[in-house]
Amino acid sequence: MSEITVTFSKSNVTAEWDNDYDSIVEFAEDQGVDIETGCRYGDCGTCMTAMKSGKVAYEYDPMATLDEGTILPCCCKPTESITIEA
């Protein structure tokens, strides 16, 4: 399996994903990338972030309604390399 990278375009940070993380938000924090969060469960939508490329998977269906081209990084993981605006 090829490595999955997460690119945070605004922060100019790219790192290899580690599946030990529960979410992209947790991973971002360890990379020094700040993503504003609220509930951290997909209910409030505070962390909604534009995704420029790639795919993610949600462990459960979030309650917040997503705008087109966005993800809730508090409750998903990449399934392939992604680029998000963070």
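A. Representation of the pattern of salt bridges within the structure. Inspection of every chain in the model, using the stated rule, returns 2 salt bridges. Taking the shortest distance from any N to any O, the salt bridge between glutamate 29 and arginine 40 comes out at 2.2 Å. Of this pair, glutamate 29 sits in helix α1 (residues 24-30) while arginine 40 sits in the loop between α1 and β3 (49-53), placing them 11 residues apart in sequence. Judged by its relative accessible area of 40%, glutamate 29 falls in the partly exposed class.

B. The pairing of strand β2 (residues 13-16), seen in detail. As paired strands, strand β1 (residues 5-8) and β2 are joined by 4 bridges and run antiparallel to one another. Residue pairing across strands places threonine 7 opposite threonine 14, the latter belonging to β2. Hairpin geometry of β1 and β2 is characterised by an intervening segment of 4 residues between the two adjacent antiparallel strands and by a positive phi of about 55° at asparagine 12.

C. Looking closely at the environment of methionine 63. Residue position: methionine 63 is located in the loop between β4 (56-58) and β5 (70-71). For the pair methionine 63 and serine 2, spaced 61 residues apart in sequence, the C-alpha to C-alpha distance is 32 Å.

D. Examining the side chain of threonine 49 more closely. Inspection of the secondary structure puts threonine 49 in strand β3. Among the polar contacts made by the side chain of threonine 49, one reaches the main-chain carbonyl oxygen of cysteine 47 at a distance of 2.6 Å. What threonine 49 contacts, discounting residues up to four positions off in sequence, is Ile35, Gly69, Thr70, Ile71, Pro73, Ile84, Glu85 and Ala86.

E. The sheet that holds β5, seen in detail. A sheet is described by the order of its strands in space; here 5 strands give the open sequence β2-β1-β7-β3-β5, paired in mixed fashion. Both edges of this open sheet fall to β2 and β5, since each of them pairs with a single strand only.

F. Region of interest: the side chain of serine 23. Assignment of secondary structure puts serine 23 in the loop between β2 and α1. Excluding its chain neighbours within four sequence positions, the residues that come into contact with serine 23 are Trp17, Pro73, Cys74, Cys75 and Cys76.

G. How the structure looks around the environment of aspartate 34. Tracing the backbone through its elements, the reader meets aspartate 34 in the loop between α1 and β3. As for aspartate 34 and alanine 86, which are separated by 52 residues in sequence, their C-alpha atoms are 7.3 Å apart.

Cut-offs used in this document
- The residue count restarts for each chain, going from 1 along the sequence in the order it is written.
- The predicted origin of the model limits local features to residues at a pLDDT of at least 70 and limits the giving and counting of side-chain atom pairs to 80 or more, whereas totals for whole chains, interfaces and linings rest on all residues.
- Only hydrogens and water are set aside; all other atoms, that is, all heavy atoms of the structure, feed into the side-chain values.
- For salt bridges, the criterion is a side-chain nitrogen of Lys or Arg within 4 Å of an Asp or Glu carboxyl oxygen.
- Numbering of helices and strands starts at the N terminus; helices are DSSP runs of H or I of at least 4 residues and strands are runs of E of at least 2.
- The cut-offs for exposure are 20% and 50% of the maximum accessible area for each residue type, with area from a 1.4 Å probe on protein chains only; residues under the lower value are buried, those over the upper are exposed, and the others partly exposed.
- Strands pair, by our definition, only if DSSP identifies at least two bridges between them.
- Pairs of N or O atoms within 3.5 Å make up the polar contacts considered here, provided that, within protein, one atom can donate a hydrogen while the other can accept it, and that residues adjacent in sequence are counted only when both atoms are side-chain atoms.
- Whether two residues are in contact is decided by their heavy atoms: any pair within 4.5 Å suffices.

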